[in-house]
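Listed here are the chains, written in short residue letters.
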Amino acid sequence: MRVIGRRTHICKQWFITVGVFLGVGSWLYMFLQFVAWDPANNQPCISFADSHAELEKFVHFDNLPTIHAITPTYRRPVQKAELTRLSQTYRQVRNFHWIVVEDSNRTTNLVTKLLRRSGISYTQLNVATPEQYKLPLNPKLSYIHPRGTFQRNLALEWLQQNVQSGGQKDVVYFADDDNTYDLQVFEEMRYTEKVSVWPVGLVGGQLVERPLVHDGRVTGWNAAYKPQRPFPIDMAGFAVNLDLFLQHPEARFRIKQDVGYQESVLLAQLVTLSDLEPRAENCTKVLVWHTRTEIPQLRGEVAMRKGGRRSDKDIEV
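Undergrad: Summarise the overall build of the chain; cite the residues concerned and give the values.
TA: A count of helical and extended segments in the chain gives nine helices and 14 strands. Out of the 317 residues belonging to the chain, those deemed buried represent 44%. Total accessible area on the chain is roughly 18,100 Å²; 56% of this is exposed by carbon and sulfur atoms.

Laid out in structure tokens, this is it:
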């Protein structure tokens, strides 16, 4: 009886030890999901972008190319809501680097705090669109309104100066903050050799705008809006291998360009139609939508502010 009792006691100790080990291991795993690891110093480190640019060191899968998503943003009532929605999607994507470029003279606390809470590897930049290029009163001069152009060009410049070409062939994606993304679209673009393309829903006055594919090659376009464009495609409908931008350092969006032609101008500097790589099952699946958040009606807020009050006092919206 004594031997049996001793064995029972040993078994209990063994189960307790294993339980503690598994518990600690689980907590350590969850901790590493949000804490970067610095291999050089073999030390965990938590670092965030300051008012300039800093690429965070997060858990990285060496066998996967990194997706660098460029998002221009500007101050407006729905800005935080838009970026929050995007961050909830992006944090589920492996090897993802979010480059957020504010249209302002300085980075803002709202965007900085949101990025720090996101758990995403990010770089925060800012450049203000000059007044002479902002939306004019005369709609006939809308071609001089380069929406997001200065911001996207700054992000490309940052990538060319700070990210080196590697064996994993990183990818650049222009991910505007008014789109909705299926997670699968990021895996579709991850192994882009030159430029990969896919359909975009709810854009160009159509339910879907997409490349036409025959025998695995892009042969034309299903586009009603300015179909004469060299590449009648939405910004959300393509991704570019980073090496192309490193090989063509002059490739940029144009400051003065007719509306709808920014995508064509950029792609024409990098590839031809025959170079395009159809994704999303030969462009038969919609994995991204140009949804656009409705502009909120704030008549009550306007009335309050005329009276010297505001609903967002001491609270960030």
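Undergrad: Can you tell me about the sheet that holds strand β3 (residues 67-73), naming the residues and giving the values?
TA: Taken in spatial order, the seven strands line up as β5-β4-β3-β6-β12-β8-β13 in an open sheet, and their pairing is mixed. Looking along the sheet, the strands with just one partner apiece sit at the ends: β5 (121-126) and β13 (276-278). Adjacent strand axes in the sheet meet at a mean angle of 25° when their direction is disregarded. When strand β6 (residues 171-174) meets strand β12 (residues 238-241), the two strands line up antiparallel, connected through three bridges. Of the residues in β12, the one forming a bridge with V171 is N241.

Undergrad: An account of the packing of aromatic side chains is needed here, citing residue identities and associated values.
TA: Applying the stated criterion to the full structure yields 14 aromatic pairs. Ring geometry for Y90 and Y181: centres 6.0 Å apart, planes at 50°, overall tilted. Pair noted here: Y90 is in helix α2 (residues 79-90) and Y181 is in strand β7 (residues 180-181), with a separation of 91 residues, a long-range link. Comparing Y90 with Y181 shows no difference in burial state: the two are buried. With centroids separated by 5.1 Å and ring planes inclined at 80°, the aromatic side chains of F174 and F253 adopt a geometry described as edge-to-face. Here F174, found in strand β6, pairs with F253, found in the loop between α6 (242-247) and α7 (262-268); they are 79 residues apart in sequence, far enough to count as distant.

Undergrad: Now, about the packing of α2 against helix α3 (residues 109-118): what can you tell me, with residues and values included?
TA: Look at α2 against α3: their axes get within 11 Å of each other, and the N-to-C directions meet at 20°. Considering their axes alone, α2 and α3 lie roughly parallel with respect to each other. The way α2 lies across α3 gives a crossing that is right-handed. Contacts between α2 and α3 pair Q79, K80, L83, T84 and S87 from the former with L110, V111, L114, R117 and S118 from the latter. Among the residues forming the contact of α2 with α3, the class breakdown is four nonpolar, four polar and two charged.

Scoring rules and cut-offs
Think of each chain on its own: its residues are numbered from 1, step by step along the sequence as written. With pLDDT at 70 or above as the cut-off, local features in this predicted model cover only qualifying residues; side-chain atom pairs require 80 or more to be listed or tallied, and sums for whole chains, interfaces and linings still use all residues. Side-chain descriptors were evaluated using all non-hydrogen atoms of the structure, hydrogens and water having been removed beforehand. Elements are defined by DSSP. Helices are runs of H or I of four residues or more, strands are runs of E of two residues or more, and each kind is numbered from the N terminus. Each residue is placed in one exposure class: buried if its accessible area under a 1.4 Å probe, protein chains only, is under 20% of its type's maximum, exposed if it is over 50%, and partly exposed if it falls in between. Accessible surface area values rest on a Shrake-Rupley calculation with a 1.4 Å probe, where residue burial reflects the displayed protein chains alone. Two strands qualify as a pair provided DSSP detects at least 2 bridges between them. Under this scheme, a helix contributes an axis fitted over its contacting stretch, all axes are lines through C-alpha atoms, and angles between N-to-C directions fall in the 0 to 180 degree range. Aromatic pairs are defined between Phe, Tyr and Trp rings, using the six-membered ring for Trp, whenever the two ring centres lie within 6.5 Å; interplanar angles under 30 degrees are classed as stacked, those over 60 as edge-to-face, and all others as tilted. An angle below 35 degrees is read as roughly parallel, one above 145 as roughly antiparallel, one from 65 to 115 as roughly perpendicular, and any other as oblique. We call a crossing left-handed when the near helix sits turned anticlockwise from the far one by less than a right angle, and right-handed when that turn is clockwise. Any two residues having at least one pair of non-hydrogen atoms within 4.5 Å are treated as being in contact. Gly is placed with the polar residues, together with every amino acid not listed as nonpolar (Ala, Val, Leu, Ile, Met, Phe, Trp, Tyr, Cys and Pro) or charged (Asp, Glu, Lys and Arg).

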